[in-house]
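# Coordinates in review
Here's the letter readout for the chains.
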Amino acid sequence: MKKWMILAVCLGLVGLLAVNGTFAAVFDGIYQTVSSLLGNGAPEASDDFKVENRFMMRNQQRTALVPVDDSQMIMPAVYASDFNWQASPVRLGNDTFRLWPDEKVSGEFDRFISVHNVGDSNAYFRIAIAYPATEEAEKCLFFHLDQVEGYSWSRWADISVNGRPYHMIVGTYLNTLAPGESAPVIPVQLALASDTTSLDAIAMGGKLDLQVKTMAIGADVFVHDDAEKTPMTALEALDLAVPLPLDISQFNPFK
């Protein structure tokens, strides 16, 4: 019997809300192999199969992406009274993303999520992203995720993580992620309403957290049962290894 492996990479971003109105960001990464499953006739998964979640932010000039600065502060945003929270194309380096326009809002909290293959074999992956949906967060929090090309995106779903409600979306990367490569960057933006108070911060439990989990499999392991051993596509392999139910709310990788 040979093995194939699901590698789950979970990286939670936690923004701590101080009751005096200042907001400090704390980042904590957890990498864990959660299960090895047996498959008849499948080739061995490499022991060096590994993917990583990495987070970036815009530089001070807001023209390029740089590694996350853990000292970045989270504070109530400043925005035009007529701003409708619609995103528009923004050029960053060689890439264009749909983001909130700088001339309409400032003080938002940006994170650009990238999945890197740091192992020695091809990978397929799904990535789940969730943000708080408590009553207090719904009142004070604005959220935007650019559903970039290269992924198949699920509908938004409501789930529970450690007893707290979250809104979640799942992206399936449609191509092979080769060793040393990075998948297209996924931009996420959060902003606190300009009238957020210390009492609101207390009501939100003192934190805003963005939950991210990547579920990766060895792409070369999944082949069709034909004479040519035709490779499965990313969707075919992931639907077998990490299936998504029709009701996305029944899929909760953060448990």
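See the structure above.
Everything numeric here is computed off the predicted structure, so don't read it as measured data.

## Looking at the overall build of the protein
Looking only at helices and strands, the protein features three helices and 16 strands. Counting the 255 residues in the protein, one finds 49% classified as buried. Across the protein, every contact between residues at least 6 apart in sequence was considered, and the portion connecting residues at least 24 apart equals 76%. When the accessible surface of the protein is split by element, carbon and sulfur atoms take 51% of a total near 12400 Å².

## A look at the nonpolar core
In this structure, I113, F125, I127, I129, L145, Y151 and I186 are the most contacted members of the largest nonpolar core, which totals 40 residues. Look past the residues within four positions of I186 in its chain and what remains in contact with it is R111, F112, I113, I127, I129, L145, D146, V148, Y151 and W153.

## Looking at the sheet that holds strand β11 (residues 141–145)
If you trace the five strands from one edge of the open sheet to the other, you get β4-β3-β9-β15-β11, paired in antiparallel fashion. Whereas interior strands pair on both sides, the edge strands pair on one side only; in this sheet they are β4 (65–67) and β11. If you compare each strand with its neighbour and ignore which way they point, the axes differ by 30° on average. Strand direction decides the pairing type here: strand β3 (residues 51–58) and β4, joined by three bridges, are antiparallel. Bridged to R58 within β4 is L65.

## Quick look at the pattern of salt bridges
Evaluation of the coordinates by the stated rule reveals 12 salt bridges. The closest approach of N and O atoms between R62 and E108, which form a salt bridge, is 2.6 Å. Separated by 46 residues along the polypeptide, R62 in the loop between β3 and β4 and E108 in the loop between β8 (105–106) and β9 (109–117) bring together distant segments of the chain. Where K104 meets D82, a salt bridge forms, and the shortest distance between an N and an O atom there is 3.6 Å. Linking K104 in the loop between β7 (95–99) and β8 with D82 in the loop between β5 (78–79) and β6 (88–92), this pair joins segments that are 22 residues apart in sequence. On the basis of relative accessible area, K104 is assigned to the partly exposed category, the value being 30%. Via salt bridges that share partners, R58, R62, D102, E108 and D110 belong to a single interconnected network.

## Here we look at helix α3 (residues 234–241)
Taken together, the buried positions of α3 are occupied by A234, A237, L238 and A241. One side of α3 carries all its buried residues, which in axial view fall inside an arc of 95°.

## Let's talk about the environment of A128
Within the secondary structure layout, A128 lies in strand β10 (residues 123–132). Linking A128 and T172, residues 44 residues apart in sequence, is a C-alpha distance of 8.9 Å. Setting aside residues up to four positions removed in sequence, A128 forms contacts with M168, I169, V170, Q211, V212, K213, M215, P253 and F254.

About the cut-offs
Residues numbered from 1 in each chain as written. Predicted model: local features only at pLDDT ≥ 70, side-chain atom pairs only at ≥ 80, totals over all residues. Heavy atoms only, no water. Helix = DSSP H or I, 4+ residues; strand = E, 2+ residues; numbered from the N terminus. Buried < 20%, exposed > 50% of the residue type's maximum accessible area, 1.4 Å probe, protein only. Contact = heavy atoms within 4.5 Å. Areas by Shrake-Rupley, 256 points an atom, 1.4 Å probe, with all protein chains shown as cover. Core = buried A, V, L, I, M, F, W, Y, C linked by side-chain atoms within 4.5 Å. Pairing = 2+ DSSP bridges. Axes fitted to C-alpha atoms, helices over the stretch in contact; angles between N-to-C directions. Salt bridge = Lys/Arg side-chain N within 4 Å of Asp/Glu carboxyl O. Arc of directions from axis to C-beta.

Without other data, these values stay purely geometric and don't point to any function.
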